[in-house]
Amino acid sequence: MASNDYYRTLGVPRNAGPDEIKTAYRKLAMKYHPDRNQGNKEAESTFKEINEAYEVLSTPEKRQVYDQYGAEGLKAGAGGRGGFGGFQGADLGDMFGDLFENLFTQGQGGGGRGRPRSRRGADLKYEAEITLEEAFSGVKVPVNFDRTELCEECDGTGARGRTGIKKCPTCHGAGRVQYSQGFFAFSQACPDCGGQGEVISSPCKACNGAGRQKKRATINVKIPAGVEEGSVLRVSGGGDAGLKGGDSGDLYIQVGLKHHPHFERQGRDLVYDAQVQVWQAALGGETDVPVIEGGRVKIRIPAGTQHGKVFRVHDQGMPSPGGKGRGDLLVKVKLEVPHDLSPRQRELFEELAKLAGHEAPSQDGDKDKGFFKKILG
Ligand SMILES: [Zn+2]
Ligand SMILES: [Zn+2]
């Protein structure tokens, strides 16, 4: 053992918390794992050192002894098992296997104590696409998705009936094994049953002992009024079932908005393009525009309204996600130039043109040519 300074081995300060220690350990363990460093003796011994350091620093009792008495304190006393599970000896493989299983499958918490080998289920992410109207009023949408659920056959135990489970022979059902170290007695989770006190002797046929199965699930997700495009809603516990009593993961629903034929959303405001006839814009008048709740409202177009002018209709936009207040409806004027004029309309436009000092082109083909010549040349 090159270094007996476990903190230095893991590169953490002496007051590091459990999470910091675990993170540092994971990083190093990944880097020096034998699978990644085949045939590299130095990596192998480093790997053993960081495991030794982690084993001590992640176990509060051992860490306390180590902090007080140093590594010698841990090794002192009661020969017998010679140190904790015998770092130096033939048990290495077993101990690392156990540690690794805990660390890399457990996902969260624990650190090898309490409920080893229980694992939180995975979080899942799905999308729900709704209409603007649904986003306006809020909606409950069914979301269909695949997730891993507890096996109904064995209720998640993974065993065939109660007889498929037997008491763990290593810890005799206690779930923990004891070590004596002179004055100190320590217990740690039983490596053979992962602290469950039971092992499966006959696996459940439906899930092959996994305790979980893929299922198609439907959850009605309540999407609040005013939801923004891309918002993510969390359904706590809606994800994959946990393993060995672990909590279920969460379900995340990302909200997408379908394209709307009339309105474009700008935050809490809605934008509507209103077609306005040239004479309406010139003379002024009224027009009506649709609103998101259904129906239409009248707006006044003042005389001389220009193309692109925006009128604001207060409180006809989207609600705030918090439930207070509403955005506005922005009505944007799109001037429409009439085509397919009737003879009478044409006459009137020609008159307008004359009044403005423009000579109107005739509808006659020859004169049209003349008109273009005049413009171009
Ligand atoms: Zn089962
Ligand atoms: Zn056991």
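Before going into details, it helps to say that this report is about the structure given with it. (Residues numbered from 1 in each chain as written. Chains lettered and ligands numbered in written order. Predicted model: local features only at pLDDT ≥ 70, side-chain atom pairs only at ≥ 80, totals over all residues. Heavy atoms only, no water.)

A closer look at the coordination of the zinc ion (ligand 1)
Then, number 1: Within the protein, the atoms that donate to the zinc ion (ligand 1) are Cys151 (SG), Cys154 (SG), Cys204 (SG) and Cys207 (SG), at distances of 2.3 Å.
Then, number 2: For the zinc ion (ligand 1), the 4 donor atoms in the first shell make angles of 104 to 114° at the metal, a pattern classed as tetrahedral.
Then, number 3: For the zinc ion (ligand 1), all donor residues lie on one chain, and their spacing in sequence is C-x2-C-x49-C-x2-C. One end of the pair, Cys154, is in the loop between strand 2 (139-150) and strand 3 (165-167); the other, Cys204, is in the loop between strand 6 (198-200) and strand 7 (212-223), with 50 residues separating them in the sequence.
Then, number 4: In this structure Cys204 comes out as buried when scored by relative accessible area, which is 2%. (Donors = N, O, S within 2.8 Å, 3.2 Å for Na, K, Ca; no water. Tetrahedral: all angles 85-135°; square planar, octahedral: opposite > 155°, others 65-115°. Helix = DSSP H or I, 4+ residues; strand = E, 2+ residues; numbered from the N terminus. Buried < 20%, exposed > 50% of the residue type's maximum accessible area, 1.4 Å probe, protein only.)

Some words on the nonpolar core
Then, number 1: Ranked by internal contacts, the top residues of the largest apolar core, which has 37 residues, are Ile130, Val141, Val221, Ile223, Leu329 and Val331.
Then, number 2: The two domains that each donate at least three residues to this core are domain 2 (118-156 + 205-259) and domain 4 (263-376).
Then, number 3: For Ile223, the residues in contact, after removing those within four places along its chain, are Ala128, Ile130, Gly138, Val139, Val141, Leu233 and Val255. (Core = buried A, V, L, I, M, F, W, Y, C linked by side-chain atoms within 4.5 Å. Domains from an automatic or database assignment. Contact = heavy atoms within 4.5 Å.)

A few points about the sheet that holds strand 11 (residues 269-277)
Then, number 1: Reading across from one edge, 10-11-15-14 is the order of the 4 strands in this open sheet, with mixed pairing throughout. Taken across any chain shown, the strands that pair with only one partner, and hence form the sheet edges, are strand 10 (263-266) and strand 14 (310-313). Pairs of neighbouring strands in the sheet enclose a mean axial angle of 30°, with direction left out of account.
Then, number 2: Bridge count for strand 14 against strand 15 (residues 329-336) is 4 bridges, and the pairing is antiparallel. Paired with Val313 across the strands is Leu329, a residue of strand 15. (Pairing = 2+ DSSP bridges. Axes fitted to C-alpha atoms, helices over the stretch in contact; angles between N-to-C directions.)

As for the packing of aromatic side chains
Then, number 1: Applying the stated criterion across every chain, the model contains 5 aromatic pairs.
Then, number 2: Ring plane angle 55° and centroid distance 6.0 Å describe the contact between Phe263 and Tyr272, whose orientation is recorded as tilted.
Then, number 3: In this structure Tyr272 comes out as buried when scored by relative accessible area, which is 13%.
Then, number 4: Every member of this aromatic cluster is reached through a ring pair, and the members are Tyr6, Tyr7 and Tyr66. (Phe/Tyr/Trp six-rings, centres within 6.5 Å; stacked < 30°, edge-to-face > 60°.)

With respect to the environment of Val56
Then, number 1: Locating Val56 in the fold gives a position in helix 3 (residues 41-57).
Then, number 2: You can call Val56 buried: its relative accessible area is 0%.
Then, number 3: Measuring from C-alpha to C-alpha, the distance between Val56 and Tyr66 comes to 7.6 Å, with 10 residues separating the pair along the chain.

Brief notes about the coordination of the zinc ion (ligand 2)
Then, number 1: Looking at the zinc ion (ligand 2), the protein donor atoms are Cys168 (SG), Cys171 (SG), Cys190 (SG) and Cys193 (SG), and they sit 2.2 to 2.3 Å from it.
Then, number 2: Each donor residue of the zinc ion (ligand 2) belongs to the same chain, with the gaps between them written as C-x2-C-x18-C-x2-C. With Cys171 in the loop between strand 3 and strand 4 (176-181) and Cys190 in the loop between strand 5 (184-189) and strand 6, the pair connects residues that are 19 residues apart, well separated along the chain. Pair check on accessibility: Cys171 and Cys190 agree, each one buried.

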